4 protein chains.
Amino acid sequence: MTIASHDIPVLRYQPQPHELAYTFGGVPPVHRVAPGTVLELRTEDCFGGLVRGPGDLPSVVCEFPYLNPVTGPFHVEGAEPGDTLAVHFVDIQPARDWGVSTTFPHFGALTSTHATVTLQPPLEELVWRYDIDRQRRTVTFHALRSELSLELPLDPMHGTVGVAPAAAEVRMTITPDAHGGNMDTPEVRAGVTLYLGVNVEGGLLSLGDGHARQGEGEVCGTAVETAMDTVVVVDVVKGVPTPWPRIEDDDYLMSTGSARPLEDAYRISQYEVVIWTAQLLDLDVLDAYQLVSQVGEAPPGNVCDPTYTMLAKLPKKYLPGAEAYGGTHAQLREVAAHYRARQGDR
Amino acid sequence: MTIASHDIPVLRYQPQPHELAYTFGGVPPVHRVAPGTVLELRTEDCFGGLVRGPGDLPSVVCEFPYLNPVTGPFHVEGAEPGDTLAVHFVDIQPARDWGVSTTFPHFGALTSTHATVTLQPPLEELVWRYDIDRQRRTVTFHALRSELSLELPLDPMHGTVGVAPAAAEVRMTITPDAHGGNMDTPEVRAGVTLYLGVNVEGGLLSLGDGHARQGEGEVCGTAVETAMDTVVVVDVVKGVPTPWPRIEDDDYLMSTGSARPLEDAYRISQYEVVIWTAQLLDLDVLDAYQLVSQVGEAPPGNVCDPTYTMLAKLPKKYLPGAEAYGGTHAQLREVAAHYRARQGDR
Amino acid sequence: MTIASHDIPVLRYQPQPHELAYTFGGVPPVHRVAPGTVLELRTEDCFGGLVRGPGDLPSVVCEFPYLNPVTGPFHVEGAEPGDTLAVHFVDIQPARDWGVSTTFPHFGALTSTHATVTLQPPLEELVWRYDIDRQRRTVTFHALRSELSLELPLDPMHGTVGVAPAAAEVRMTITPDAHGGNMDTPEVRAGVTLYLGVNVEGGLLSLGDGHARQGEGEVCGTAVETAMDTVVVVDVVKGVPTPWPRIEDDDYLMSTGSARPLEDAYRISQYEVVIWTAQLLDLDVLDAYQLVSQVGEAPPGNVCDPTYTMLAKLPKKYLPGAEAYGGTHAQLREVAAHYRARQGDR
Amino acid sequence: MTIASHDIPVLRYQPQPHELAYTFGGVPPVHRVAPGTVLELRTEDCFGGLVRGPGDLPSVVCEFPYLNPVTGPFHVEGAEPGDTLAVHFVDIQPARDWGVSTTFPHFGALTSTHATVTLQPPLEELVWRYDIDRQRRTVTFHALRSELSLELPLDPMHGTVGVAPAAAEVRMTITPDAHGGNMDTPEVRAGVTLYLGVNVEGGLLSLGDGHARQGEGEVCGTAVETAMDTVVVVDVVKGVPTPWPRIEDDDYLMSTGSARPLEDAYRISQYEVVIWTAQLLDLDVLDAYQLVSQVGEAPPGNVCDPTYTMLAKLPKKYLPGAEAYGGTHAQLREVAAHYRARQGDR
């Protein structure tokens, strides 16, 4: 794909509340776009914007299952089962000057949940409101019951990105799996390319759940949740399947795995990068296993959602000569540069 | 503790093979040392030095349970149950110019194991020999069945450090738990202070299982295993308990948690840093939970040993004014600097 | 509901192959029936009848995701979200004089799987063909590679029964969850009433995956799989929700729980019977917890499917005066008796 | 072993409180006995007899680690590593007319624990006192906060039986593992033979933690705890190892597995009976896997202790011609009959 800057197709889309989706699969596309299209999107926060501060308890103002809305889905022309959808994140900017985080009842890693059931009452439900300063690139935490305010770096990302699942399944957006979904990893930030295996015609990409920043594991169950103005470029890599979502940035190749227990998420993500490494470097699989064992990083995405997510990260500098997906990441980096240059011209 | 450089007591100890220990607990101390003592130690690799290359299969040359030997234990005077032993790593240097890594049968994350039992044959047992260049600070991987040699950075660390367990237990060195043990985290490198809760008089510190480098999770079950010349300073923090091993370096406070399934290791480590943060910053516990949720990192230590290990890492820059263990890390940094200065004088 | 024997509405339905369903949810009903209707159904086996003996390897003759077909769904009139669908199994009879069981690659408890991923090759794929003798009520095992044939008691059951899931989800029939699905418990045999929470109008009941018999846990991943001629009566319990599938027979009240890891399935099932016991006996919840702790049985359903299933069984004799769902089980027993009496008249 | 009734050696032993043990391993034997000896023992309850009713909260009256005391260890002459210790339970009788059960803080399946850590307060600590009627063979539950008293059948058993662990380990009695320990299965009742692999000279058998009855999983963390007068016969099966504790009664062969997560306990126990079945019936392993899949039962022991326990039970009637451990169970049954006959003579 070679794209002159004046050629880049751009679609701007801001969904009305009733146009938001709550599942991957089971929803008709809101738009059809050609590969190479830049999407300028607005996404809502995981509470649909209804939780604005300590007085808005999610369990009161939100209604199950209308949680974690996504923008989309987008039908990408030419994407067929067996292909890979490449989604390059050009820009992710908070659309509000505030965000919220909460202890949602029976949700989070340090509480009993609907799966890890106990007879204890839930943790108290609290809402923290953060100030977001887009110019200073800060997110400010204010303790609710203690004297502390603290500026943290803004590091915007999307918790939820995915496509329609295989086998005609329809899944709540809250659940990550092989189709993507609510992986809740801070690695999905601007500058990265996310690779998603295509299960249905057009792939049907949706995204949402923006976080102004997030710790690894999202231990309390929510990050600094906010609406986002997000720009992505979508592309199709024909004939190359992607069993589990993969991420590439300028320095790393990564695979995700989502499962319970958490070691199975680890296993999936590690298996995927071992096989990937063997392919990219033309290595015996056990040689690749050995190499990954000594150079890999392995942060968790979420340890709070219906399935947990782990990442296997390999520094590209230890993968000499490896070029993933035929150089798609570099190509989309270039499209993004052209797009940004054109934006600068306006 | 203020120590003039000429005052630093130093103990040099290189165990004979028959002096190595294979358990935490159940072994009499090899030495008694005063708090503030510098220990200059030799540690053997996890195979007792018997696996030197592809021809030495661990299952042939090693004999259960004589695996993962540790140097020690050291009785630190004045350490009593309820205190904390602080172990500052001054230096960790490979004692050989080679290391090995293997696929040990039924050990590792991408194989069935003695706990995750299957009817499949084990993965093939292979041994990779690495070159270690202490001057160039490199570890060189050589693929066994493919054409690849790759220089990786030397990053020496100890997989196994711990004290005698509580409740009169004796545990194989292979198992990490609240007493430390085989946590297999690359965070235990030179420059860090490891805090271990004391369960018995003298604490009874042992360490071993040096790795020239290791990926997160130690996915194949072994890192680049090698003997080490290691220098630590030991100290006692009186009256301060440490429920699970903690680590401090110049930039981070960390807690470990070791358990199965892996989410329980995550829960333990996160709970510990939440409580620790609340104490250090005088925060309400749920405020601390919220703060940790947005700033924490959470790499795995091992995902291959009899219990798995996760770390919860908090950047100190987000913990304004926090001073852990009364400034022990800074003090031991100073002792280390004096020690190194004196070494330079020789 | 009082039903005179001549009043019992009966629907007989044998689906054509193209009418089989592979998901819960996402499929329009094949029939609408009134509460109290007797359904005389044919169900296909989990391989769609394509695996007939050792020469028919499932990985060759079956095509993902066309596995584990179900008959249905049936829209039960008047069933609304918040109600409970009661499904009484009047009769389950093998429709063939043979059944099969297999080691399906990467499926089963003693093999690596798609979640518990390893680098080992899969177990060898084998097919065992059983003889089913409906008159003698036997199932005969023939070892493939050893000299053993063994008559076992016929104990027909359904591995898969469920309704459309909540939150607009569509799930593969292979996965058990709160909507039922592939729980694979031998407790779903003739004489029991299965209670399923209704999530959508009409409930949308489907069932399949008949087993001529099954061990607890279904350790190799498949039971003695066969087509079934099955008779159920369906009813609606208005205004009573059922969070997780429950089962009642003449001697036991049971709840299921499906999750990973297996202890979470145990937790869910136990929590449900504790709360249920507290309600039925008007007990304090901790008193109910105590009673359940001393009288409960807890067999696994499956320990091989995408989520695992545990059952919590309480002997009715230890629940004095408890009447579940207003006596629905006894009423449906009576309907079944009338139906059978009428059948005898023919 | 053939034993004339007048020949049966009998050892009667009732430990003083200070003679109780709290670990497997690390304790010198209290007695040396010959194979074939009948041991008439008193065991204390898991609280050391200190919890006698609702006013005695375990967290107040008990002191960690002085919980779950065992009687022993007994050195059985001639038992060497690689042998199996056979322990036949002749009689288990409550030594008191009361027992207790509790919600111990952070212990049990429906509460957060020290491994499954949450920020929630523990469940309220309560103590239920049961009446035990040895004549009527009943245990009577009295609800604490509700109006219910309920007679349940007396079904005495031992929660904790084991030997010294391998690899010089010493383990708290609370933890089940390959050496036995706190498996908490109701299958260890009078009439069964427990087989334990010998790891050290003499085996070093200990037992305790009597339960007047127990539900499967011991969901609240404690059964009806009481002191016991217990009679066992011990024997040694030379040259036959037992990797995980096995149980035989007149109807079943069983293996235990203890691990976390619970599916690993299931895997271990199932693997063991598959291999055992293959050996006993001279079957190919995959044929044995298939047979076990269709005839096995799989109740949990505990789902509340530091490791969880599952049992794999095979009905002997489906194992034609199988004789385990050379008929040891039948022989010990005979010894027990002689012993009882002699007792009747007195």
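The structure under discussion appears in the preceding block.
Just so you know, these numbers come straight off a predicted model, no measurement behind them.

Draft legend 1. Here's a closer look at helix α4 (residues 328–345) of chain B. Residues and elements named next belong to chain B. The first and last C-alpha atoms of α4 sit 26 Å apart over 18 residues, in line with the 26 Å expected at 1.5 Å per residue. Of the positions making up α4, those classed as buried are Thr328, His329, Gln331, Leu332, Arg333, Val335, Ala336 and Tyr339. In this fold, the buried residues of α4 make contact with β4 (38–43), β6 (84–94), β14 (193–197), β16 (228–237) and β17 (246–248).

Draft legend 2. Quick peek at the packing of helix α2 (residues 262–281) of chain A against helix α2 (residues 262–281) of chain B. Taken N-terminus to C-terminus, the directions of α2(A) and α2(B) make an angle of 110 degrees; their axes are 6 Å apart at the nearest point. Our classification of the angle between α2(A) and α2(B) gives roughly perpendicular. Contacts between α2(A) and α2(B) involve Leu262(A), Glu263(A) and Tyr266(A) from the first element and Leu262(B), Glu263(B) and Tyr266(B) from the second. Residues of the contact of α2(A) with α2(B), tallied by class, amount to 4 nonpolar, no polar and 2 charged.

Draft legend 3. Molecular detail of the interface of chain B and chain A. Taken together, the contact between chain B and chain A spans 55 residues of the former and 55 residues of the latter. Counting only elements with at least two residues in the side of chain B that touches chain A, the list comes to β10 (149–153), α2 and α3 (285–295) of chain B. With 9 residues, α3(B) is the largest single contributor of residues to the side of chain B that touches chain A. Split by residue class, the side of chain B that touches chain A holds 33 nonpolar, 11 polar and 11 charged.

Draft legend 4. Seen up close, the environment of Gln16(B). Residue and element names in this part refer to chain B. Here Gln16 shows up in the loop between β1 (10–13) and β2 (23–24). By the C-beta count within 10 Å, which is 6 here, Gln16 ends up exposed. Considered as a pair, Gln16 and Thr71 are 55 residues apart in the sequence and their alpha carbons are 9.6 Å apart.

Draft legend 5. Inspection of the relation of the copies chain B and chain A at higher detail. Here chain B sits on chain A after a turn of 180 degrees about the axis and a move of 0.0 Å along it, with an RMSD of 0.0 Å. The operation mapping one copy onto its partner corresponds to a two-fold rotation axis. Comparing interface residues between copies, 100% of those in chain B also lie at the interface in chain A; the contact surface is shared.

Draft legend 6. The arrangement of unusual backbone geometry in detail. For the peptide bond that leads from Arg260(B) to Pro261(B), omega is -10 degrees, which places it in the cis range. Within the secondary structure, Pro261(B) is located in the loop between β18 (252–259) and α2. Across the junction of Gly72(C) and Pro73(C), the peptide omega takes the value 5 degrees, indicating a cis bond. Structurally, the position occupied by Pro73(C) is in strand β5 (residues 70–76). One non-glycine residue, His106(B), lies in the positive phi region at around 60 degrees. In this fold, His106(B) is placed in the loop between β7 (98–102) and β8 (127–133).

Draft legend 7. Structural view of the nonpolar core. Ranked by internal contacts, the top residues of the largest apolar core, which has 207 residues, are Leu85(C), Val234(C), Leu85(D) and Val234(D). If sequence neighbours within four positions are ignored, Leu85(C) has contacts with Val76(C), Ala79(C), Val163(C), Leu196(C), Val198(C), Gly203(C), Leu205(C), Val234(C) and Val236(C).

Draft legend 8. Summary view of the interface of chain D and chain C. Taken together, the contact between chain D and chain C spans 55 residues of the former and 55 residues of the latter. At the level of secondary structure, the elements contributing two or more residues to the side of chain D that touches chain C comprise β10 (149–153), α2 (262–281) and α3 (285–295) of chain D.

Draft legend 9. Just the sheet that holds strand β19 (residues 308–315) of chain C, in detail. Residue and element names in this part refer to chain C. The 8 strands lie next to each other as β1-β4-β16-β6-β14-β17-β18-β19, forming an open sheet whose pairing is mixed. Each end of this open sheet is capped by a strand with a single partner; those strands are β1 (10–13) and β19. On average, each strand axis in the sheet is inclined to that of its neighbour by 25 degrees, with strand direction left out of account. Relative to β19, strand β18 (residues 252–259) is paired through 8 bridges, and the arrangement is antiparallel.

Definitions and limits used
- Residues numbered from 1 in each chain as written.
- Chains lettered and ligands numbered in written order.
- Predicted model: local features only at pLDDT ≥ 70, side-chain atom pairs only at ≥ 80, totals over all residues.
- Helix = DSSP H or I, 4+ residues; strand = E, 2+ residues; numbered from the N terminus.
- Expected span 1.5 Å × (residues − 1).
- Buried ≥ 20, exposed ≤ 12 C-beta atoms within 10 Å, placed from the backbone.
- Contact = placed C-beta atoms within 7 Å.
- Axes fitted to C-alpha atoms, helices over the stretch in contact; angles between N-to-C directions.
- Parallel < 35°, antiparallel > 145°, perpendicular 65-115°, else oblique.
- Nonpolar A, V, L, I, M, F, W, Y, C, P; charged D, E, K, R; others polar.
- Least-squares fit on C-alpha atoms with pLDDT ≥ 70 in both.
- Core = buried A, V, L, I, M, F, W, Y, C linked by C-beta atoms within 7 Å.
- Pairing = 2+ DSSP bridges.

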